[in-house]
Amino acid sequence: MMRIDLISAVPDVLRSPIEHSIIKRARDAGFVDIQIHDLRDYSTDKHRKVDDYPYGGGGGMVLSPQPVFDCIESLQGEHNYDEVVFPTPDAPAYEQQDAVNFSMKKNIIILCGHYKGVDQRIRDSLVTKEYSIGDYVLSGGELPALVMVDSIVRLIPGAIGDAQSALSDSFQEILLGAPVYTRPADFRGMNVPEILQSGDHKKVEQWKHEQAIEKTKKVRPDLYENFIQEQQNQEWQQ
Ligand code: ADE
């Protein structure tokens, strides 16, 4: 079973999302074990302090090395970890391919930074992978960590019914999704496209593919370019 350890100074922020929906189902079914660790439990300070002022000034608070080193070293004493992940805005972009790679690992630690950042020695000595979830700044690493956990867990083979198809569809990661509908077929005069009601599986798949291409071309020309490139590469290889 895959194991994900989340380390945070505000562990309560992490609880609700991992106790609901697909992540809960995957945990209940034994596909993933997610453990939350309160950084304050590892502080040797009598007030359970985990942060301090930055050298050289600049305002804000920086996560101190002591509780983070003690926490991660304690976990590493009990399990072998493939990666120690640190979400941070000053890092390469986190992408679907990273989620795919993580979903095939055994044990990972995700360290949530808070306040202004973490002491650089933590990043130099303990962290093995750093990612930004986008070009905006959040107040802590908890939401990015949850984004990563969600994106990883839904890919664990068997964790959700159609995880296999999510991985095997070659364009899934390149194109945006086609529009989806549920009942009723006529809602206030707005109708579900005829083709989706036709029952012709082949035609439906073709329609979805075309819709996905159109949508991607319109809203994400950068992804559309990648798709065209990828198609040309595949034709070249044939
Ligand atoms: N921590 C704060 N902002 C972040 C971001 N955009 N990505 C990852 N971690 C972060």
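Residues numbered from 1 in each chain as written. Predicted model: local features only at pLDDT ≥ 70, side-chain atom pairs only at ≥ 80, totals over all residues. Heavy atoms only, no water.

## A short note on the site of the ligand
Basically, it comes down to this: Distances are taken per atom, and a residue is near a molecule or strand as soon as one of its heavy atoms is within 4 Å of it. What qualifies as a polar contact is a pair of N or O atoms within 3.5 Å, subject to a donor-acceptor requirement within protein and to the restriction that residues adjacent in sequence count only when both atoms come from side chains. Surface exposure here means Shrake-Rupley accessible area, sampled with a 1.4 Å probe, where a residue is shielded only by the protein chains that are shown.
By nearness alone, every residue bordering the ligand is listed as Pro87, Thr88, Pro89, Tyr131, Ser132, Ile133, Gly134, Tyr136, Val137, Leu138, Gly140 and Pro144. One nitrogen or oxygen atom from the main chain of Thr88 is found 3.1 Å from a nitrogen atom belonging to the ligand. Its free accessible area being 260 Å², the ligand has 95% of it covered by the protein chains.

## Observations concerning the pairing of strand β6 (residues 107–111)
Counted only if it meets this: For every residue, the accessible area obtained with a 1.4 Å probe (protein chains only) is divided by the maximum for its type, and the residue is called buried under 20%, exposed over 50%, and partly exposed between those limits. Secondary structure elements are taken from DSSP: a helix is a run of H or I of four residues or more, a strand is a run of E of two residues or more, and numbering for both begins at the N terminus. When DSSP finds at least two bridges between two strands, those strands are taken to pair.
Here β6 lies mainly inside the structure; 5 of its 5 residues are buried. As paired strands, strand β1 (residues 2–8) and β6 are joined by 5 bridges and run parallel to one another. Its bridge partner lying in β6, Asp5 is registered against Ile109. Of the pairings in the sheet, the one linking strand β5 (residues 83–87) to β6 comprises 3 bridges and is parallel in character. Bridge pairing in β6 places Val85 opposite Ile110.

## Structural notes on the pattern of salt bridges
Opposite charge on two side chains permits them to pair, given that their charged atoms come into close proximity. Here is the rule we go by: A carboxyl oxygen of Asp or Glu within 4 Å of a side-chain nitrogen of Lys or Arg is what we treat as a salt bridge.
Going through the model one piece at a time under the given rule, you end up with 14 salt bridges. Where Arg48 meets Asp38, a salt bridge forms, and the shortest distance between an N and an O atom there is 3.8 Å. Of this pair, Arg48 sits in the loop between β2 (32–38) and β3 (51–52) while Asp38 sits in strand β2, placing them 10 residues apart in sequence. Arg48 is the partner of Asp41 in a salt bridge, and the nearest nitrogen-oxygen pair spans 3.0 Å. Several salt bridges share partner residues, and in doing so they unite Arg3, Asp5 and Asp33 into one network.

## Notes on the sheet that holds β2
Keep this limit in mind: Here the axes come from fitting lines to C-alpha atoms, over the contacting stretch only for helices, and the angles between their N-to-C directions go from 0 to 180 degrees. Only heavy atoms matter for contacts: two residues are in contact if any of them lie within 4.5 Å across the pair.
The strand order across the open sheet formed by 5 strands is β2-β1-β6-β5-β8, and the pairing between neighbours is parallel. Of all the strands in the sheet, just β2 and β8 (129–131) have a single pairing partner and so form its edges. Strand-to-strand, the axes of this sheet are offset by a mean angle of 20°, without reference to chain direction. Against the sheet, helix α4 (residues 96–103) contacts β1, β5, β6 and β8, and its axis sits at roughly 145° relative to β8.

## Section: the domain arrangement of the chain
Stated precisely, the cut-off is as follows: Domain limits in this description derive from either an automatic procedure or a database domain assignment.
As assigned here, the chain comprises domain 1 (2–153) and domain 2 (170–237). Its C-alpha centre places domain 1 at a distance of 36 Å from the equivalent point of domain 2.

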